[in-house]
Amino acid sequence: MTYKMNFDLPSQTGTVVLNVSLIEKDQLEKAVPSISRVFAAGYAMGKLMALLCPGQQVGEMAVPEGRVGIGTVCSITLNGVLVAHGIPTNSRFGGLLELRDRKPTRFVEFINYDGTTLDPLEVFIRSVMTDYVGATMTGNGLIGASFREVPADSRDRVIALAHQMDEVGLGGVFLIGWPGRPLLEIPVSEGRVGVVVIGGLNPVAILEEQGIRVHRTGALAGLIDYALLFPYEELGARVRELA
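Residues numbered from 1 in each chain as written. Predicted model: local features only at pLDDT ≥ 70, side-chain atom pairs only at ≥ 80, totals over all residues. Heavy atoms only, no water.

**Re the environment of Glu122**
This is how it is decided: Helix and strand definitions follow DSSP, with helices as H or I runs of at least four residues and strands as E runs of at least two, each counted in order from the N terminus. To sort residues, take the accessible area from a 1.4 Å probe on protein chains only and compare it with the maximum for the residue type: under 20% means buried, over 50% means exposed, and anything in between is partly exposed. When checking whether two residues touch, look at their non-hydrogen atoms; a contact exists if any pair is within 4.5 Å.
Here Glu122 is to be found in helix α3 (residues 120-126). Given the relative accessible area of 22%, Glu122 is considered partly exposed. Between the alpha carbons of Glu122 and Thr217 there is a distance of 7.1 Å; along the sequence they are 95 residues apart. With residues near it in sequence (within four places) discarded, Glu122 still touches Leu201, Thr217 and Ala219.

**Observations concerning the pairing of strand β2 (residues 48-52)**
Applied cut-off: We call two strands paired when DSSP finds no fewer than two bridges between them.
For β2, the tally of buried residues reaches five of five residues, placing the bulk of the element in the interior. Where burial is concerned, the two faces of β2 agree: the one with Leu48, Ala50 and Leu52 and the one with Met49 and Leu51 are both buried. As judged from the two bridges shared by β2 and strand β12 (residues 230-231), these two strands associate in the antiparallel manner. Bridge pairing in β12 places Leu48 opposite Pro231. In terms of strand pairing, β2 meets strand β5 (residues 67-73) through four bridges, oriented antiparallel. The residue of β5 that forms the bridge with Ala50 is Gly71.

**Looking at the sheet that holds strand β8 (residues 141-151)**
The condition is simple: Every axis corresponds to a line fitted to the C-alpha atoms, with the helix fit spanning only the stretch in contact, and the corresponding angles, defined between N-to-C directions, vary from 0 to 180 degrees.
Taking strand neighbours across the sheet as the criterion, the five strands line up as β7-β6-β8-β10-β9 in an open arrangement whose pairing is antiparallel. Taken across any chain shown, the strands that pair with only one partner, and hence form the sheet edges, are β7 (103-112) and β9 (173-176). Taken over all neighbouring pairs, the strand axes of this sheet differ in orientation by 35 degrees on average, direction set aside. Two elements, strand β6 (residues 90-100) and β8, share nine bridges in a ladder whose sense is antiparallel. Within the sheet, the bridge partner assigned to Leu96 lies in β8 and is Gly144.

Printed below as a string of structure tokens:
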């Protein structure tokens, strides 16, 4: 997906990687406030999303009758942007990031990407180990995040690109460390810099905590044209139109 996406940051055109999660159509209106709260708190991968109706498809994932697909930007999109600018990225693990007073403190659980065929955040979501309600309401909770490494010499460039991604609604860099120094107690390889990236599935993960069943969570479901995404603030209006 990193190499298949072709999003061009300066022109804001091309495709990005999308996660697609399926819920019952009659649960959609109930889900809007919670999804919006995660976005508003800054615990999502940017500010953009997609809404898929029955019959629509992204990659191999099609939305069946009676359900709708909630599309969120996958954090792998960051990898694609960095690679397009000549910055190789090593994705190390996905985990649960503890927040205290809305500030990241440590990873309490994580699964290395090279040790699983499943998306780690999907595992934690299904196990209801997250606490997005607490994170969004009080600033204390557990959210999904991933840990990456980039070359030390690229640190300033990564920060600049992260700001540009924020401006176009795709931001997701939560923290960036210093060359060779641990970040949130995680050791970093020599000549590398640690980067904490927000989990793309976070806006949907809160639904499981509130009893809204997510029938299928499709991390890395496929590619979608950037122009088809919309700001999360429009979700309520689009849901009403769909109804």
